[in-house]
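Residue-level listing of the chains:
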Amino acid sequence: MAVQFAIVSLGCAKNLVDSEVMADRMLAAGFEKTEPESADVLIINTCAFIDPAKQEAIDTIFAAARAREEGAAPAEQKIVVAGCLSQRYAQDLVKLMPEVDCFMGVDEVCRVAEIAEACLAGTAEKVYSTKVSKLMPDFGDTRYRLTSAHTAYVKIAEGCNHACAYCVIPRIRGGHRSRPQANIVREVRALVEQGCREINLIAQDTTYYGMDKWEKKAGKTSGVDSSRGESLATLLREINDIPGDFWVRVLYTHPAHWSRELIDVFATCDKVVKYVDIPLQHIAAHILEEQRRKTDGDYIRNLIRDLRAAVPGIGLRTTFISGLPGETEDDHAELRDFIREFRFERAGVFPYSREEGSLAAKMKNQVHHATRKRRANELSMILAGIADEIGQECVGQTIRVLVDEPGLARGPWDAPDVDGTIHVDPALPVGEFADVEIVDSIAYELFAEGSE
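Residues numbered from 1 in each chain as written. Predicted model: local features only at pLDDT ≥ 70, side-chain atom pairs only at ≥ 80, totals over all residues. Heavy atoms only, no water.

Visitor: Can you help me understand the nonpolar core in this one?
Guide: Within the largest apolar cluster, 60 residues are counted, with the highest numbers of intra-cluster contacts made by Ile156, Leu201, Leu236 and Phe338. Formed by 23 residues, the second largest nonpolar core is a distinct cluster that contains Ala57, Ala65, Cys84 and Val100. (Core = buried A, V, L, I, M, F, W, Y, C linked by side-chain atoms within 4.5 Å. Buried < 20%, exposed > 50% of the residue type's maximum accessible area, 1.4 Å probe, protein only.)

Put into structure tokens, the structure is as follows:
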């Protein structure tokens, strides 16, 4: 009987892709996939972006150790911790979590089978390199998909070249490294040929794609420019030319790198979903400057106006951070008014999290946690009201949807896991597109004719 493994994937879609790569490597090495409670090797792929994510990872690791101790999992099960928590804190966790058999860095995903075999043989090191590579890991052309057959995430780059004051991702994942465009297009083509209907392009910053390989070094605010080499624009054009009935969605764009060329690509490429994920975080000029966002309020307002003028019907998705260091009541009011004026089709707000190791954590004028929460709650209430209005404006419209499961689908404005859903006729085939008429709504939740 083959040795069995299981993967618990925590955190974002970028982590999920790493989990898919690890699953593929384990299967290729002859391991058999199973559930955590029966696995000989349990891989926990962790997140460490903010405190709640770290706590979820720690709780998951201790729960696995308890299951092994109490007989709910094999007594000899090996626990391997991967991902951002391991990358950031492995040396400390070795002492705090002796229950874990080994910790591996984020660039070790392609060695996971070798590491698992060493654990089983009793020859594993406690920590496998947590030094970030300057190269993009070679994921190859195959992954074991952990998503539904009709939707897939495709990671186009690793790391980030920005130094946003509140964020520690560059310290964990390193600088931006783009995959070769031909490699990405080959993967997307294969997914489409397998029947995938939705391609979600992801990276820490998708708009910086290709810029790290330009002959003349790109700056923190360089716009997407295909005359200088591979870029998000050249990638989207080539994906758009792939035959097949599918759409491609772009997640995690940075406002500083949008250009007229990229806007035109969204306007003219019919397979590119009319949806932009563009985390803005704030609008007050001094907050954006102090948090090293490389944009200002006027730039952001003009960019949004340009996007909506060039791409009618586009859905803009964003996130905001409330209570950043130095945020005054006037700054909060400016953000509140901005949200009301621009009425984002999809949006979320989060209270600032003071992350250890970030520049913002050391800043003076920290906003009290109760104030952060109060301000975030106020903005959330405003966003909920806007969502209700936008939902009602969709009533009577015919929308093309992708059916995720019987009776549930998503439209162009709905990315997997993070946005809304559309209730549809349960008879519609799963994994296929359909045109439906919207008859009612509750915020981001829409109801189509024939839904139950």
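Text resumes after the structure shown.
Visitor: What is the right way to look at the sheet that holds strand E14 (residues 346-351) in this model?
Guide: Each strand in a sheet pairs with another by means of backbone hydrogen bonds, the pair being arranged parallel or else antiparallel. The strand order across the open sheet formed by 3 strands is E12-E13-E14, and the pairing between neighbours is parallel. Edge positions in the open sheet fall to strand E12 (275-277) and E14, since each of these has one partner strand only. With direction set aside, neighbouring strand axes in the sheet form an average angle of 15 degrees. Sheet topology places E12 next to strand E13 (residues 315-322); 3 bridges connect them, and they run parallel. Among the inter-strand pairings, Tyr275 is bridged to a residue of E13, identified as Gly315. (Pairing = 2+ DSSP bridges. Helix = DSSP H or I, 4+ residues; strand = E, 2+ residues; numbered from the N terminus. Axes fitted to C-alpha atoms, helices over the stretch in contact; angles between N-to-C directions.)

Visitor: Is there a simple way to think about the packing of aromatic side chains in this case?
Guide: Any aromatic ring pair is given by two values, namely how distant the centres are and how the planes are angled relative to each other. What the rule picks out here adds up to 6 aromatic pairs. Considering the side-chain rings of Trp258 and Phe266, the 5.2 Å spacing of their centres and the 50 degrees angle between planes classify their relative orientation as tilted. There is no split in this pair, since Trp258 and Phe266 are both buried. Ring centres 6.2 Å apart and planes at 90 degrees place the aromatic pair Phe320 and Phe338 in the edge-to-face group. Taken as a pair, Phe320 in strand E13 and Phe338 in helix H11 (residues 329-342) lie far apart in primary sequence, 18 residues in all. Judged by relative accessible area, Phe320 falls into the buried class, the value being 0%. The exposure class assigned to Phe338 is buried, which follows from its relative accessible area of 1%. Here a set of aromatic residues connected by ring pairs shows up, and it is made of Phe320, Phe338, Phe342 and Phe344. Against the face of Tyr275 rests Arg249, its NZ or CZ located 4.6 Å from the ring centre. Taking NZ or CZ as reference, Arg400 lies 3.7 Å from the ring centre of Phe433, over its face. (Phe/Tyr/Trp six-rings, centres within 6.5 Å; stacked < 30°, edge-to-face > 60°. Lys NZ or Arg CZ within 6 Å of the ring centre and 35° of its normal.)

Visitor: I tried to follow empty space enclosed by the protein on my own but got confused; where do I start?
Guide: Over the atoms a probe the size of a water molecule is rolled, and this reveals where empty space is left. The tally for this structure, following the rule as stated, stands at 2 cavities of 30 Å³ or more. The calculated volume of the second largest cavity comes to roughly 30 Å³. Looking at the second largest cavity, the residues that line it are Ile278, Leu280, Ile300, Leu303, Ile304, Leu307 and Leu316. Looking at the lining of the second largest cavity, the element that brings in the most residues is helix H10 (residues 297-310), giving 4 residues. Partitioned by chemical class, the residues of the lining of the second largest cavity number 7 nonpolar, no polar and no charged. (1 Å grid on protein atoms, 1.4 Å probe; cavity = no way out; pocket = protein on both sides within 12 Å on 5 of 7 lines; lining within 4 Å. Points joined across faces, edges and corners; volume = space filled by probe spheres on them. Nonpolar A, V, L, I, M, F, W, Y, C, P; charged D, E, K, R; others polar.)

Visitor: Can you walk me through the layout of surface pockets in this structure?
Guide: Its volume calculated, the second largest pocket comes out at about 380 Å³. Lining the second largest pocket are 21 residues; nearest its centre among them are Trp247, Lys274, Ile399, Arg400 and Pro412.

Visitor: How should the state of the cysteines be read in this particular structure?
Guide: Two cysteines, two sulfur atoms, one covalent bond between them: this is a disulfide. According to the stated counting rule, one finds 0 disulfides in the structure shown. Distance from the sulfur of Cys102, which forms no disulfide, to the nearest cysteine sulfur (Cys119) is 3.4 Å. (Disulfide = S-S within 2.5 Å.)

Visitor: How do you make sense of the environment of Phe103 when you look at a structure like this?
Guide: The topology assignment puts Phe103 in strand E5 (residues 102-104). Looking at Phe103, the relative accessible area reads 0%, which means it is buried.

Visitor: Where do I start with helix H7 (residues 232-240) in this structure?
Guide: An α-helix turns once per 3.6 residues; consequently, residues spaced three or four apart project the same way. Of all 9 residues that make up H7, 7 are buried, and the element is covered over most of its length. Regarding H7, the residues found buried are Leu232, Ala233, Thr234, Leu235, Leu236, Ile239 and Asn240. The secondary structure elements touched by the buried residues of H7 are helix H6 (181-193), strand E10 (198-202), strand E11 (247-250) and helix H8 (260-268). With a side-chain oxygen positioned 3.2 Å from the backbone nitrogen of Ala233, the residue opening H7 is Ser231. (Contact = heavy atoms within 4.5 Å. Polar contact = N/O pair within 3.5 Å; in protein donor to acceptor, adjacent residues only side chain to side chain.)

Visitor: Could you clarify how one ought to interpret the pairing of E11 in this entry?
Guide: Taken residue by residue, a regular strand's side chains alternate between the two faces of the sheet. Of the two faces of E11, the one carrying Trp247 and Arg249 and the one carrying Val248 and Val250 are both buried. Here 4 bridges tie E10 to E11, and the two strands are oriented parallel to one another. In the sheet register, Glu198 faces E11, and the bridge partner there is Trp247. What joins E10 to E11 is H7, and the crossover it makes is right-handed. (Right-handed = clockwise from strand over helix to strand, strands pointing away.)

Visitor: Explanation requested: the pattern of salt bridges in the structure shown.
Guide: Oppositely charged side chains may form a pair once their charged atoms are brought near each other. A complete count under the given rule lists 34 salt bridges for this structure. Of the charged contacts in the structure, one is a salt bridge between Arg179 and Glu187, with a shortest N-O distance of 2.8 Å. Summarising the burial analysis for this pair, Arg179 and Glu187 share the class buried. Taking the shortest distance from any N to any O, the salt bridge between Arg346 and Asp414 comes out at 2.9 Å. Highlighted residues: Arg346 in strand E14 and Asp414 in the loop between strand E16 (408-410) and strand E17 (422-423), separated in sequence by 68 residues. Across this residue pair, the class does not change: Arg346 and Asp414 are buried. A single network of salt bridges, built from pairs that share partners, joins Asp18, Lys155, Glu158 and Arg173. (Salt bridge = Lys/Arg side-chain N within 4 Å of Asp/Glu carboxyl O.)

Visitor: Even after reading the chapter, I still don't get the packing of H6 against H7, so can you show me in this structure?
Guide: Between two packed helices, what matters for the description is the angle formed by their axes and the separation of those axes. Put simply, H6 and H7 touch, their axes get as near as 10 Å, and they point 30 degrees apart. By the criterion of interaxial angle, the relationship of H6 to H7 is roughly parallel. Between H6 and H7 lies a crossing of right-handed hand. Of the residues in H7, those touching H6 at Gln181, Ile184, Val185 and Val188 are Thr234, Leu235, Glu238 and Ile239. (Parallel < 35°, antiparallel > 145°, perpendicular 65-115°, else oblique. Left-handed = near helix turned anticlockwise from the far one by under 90°.)

Visitor: So what exactly am I meant to see when it comes to the packing of H11 against helix H12 (residues 369-393) here?
Guide: Running from amino to carboxyl end, H11 crosses H12 at an angle of 15 degrees, the nearest separation of the two axes being 10 Å. Taken together, the axes of H11 and H12 lie roughly parallel to each other. Between H11 and H12 lies a crossing whose hand is right-handed. Contacts between H11 and H12 involve Glu329, His332, Leu335, Arg336, Ile339 and Arg340 from the first element and Thr371, Arg374, Arg375, Glu378, Leu379, Ile382, Leu383 and Ile386 from the second.

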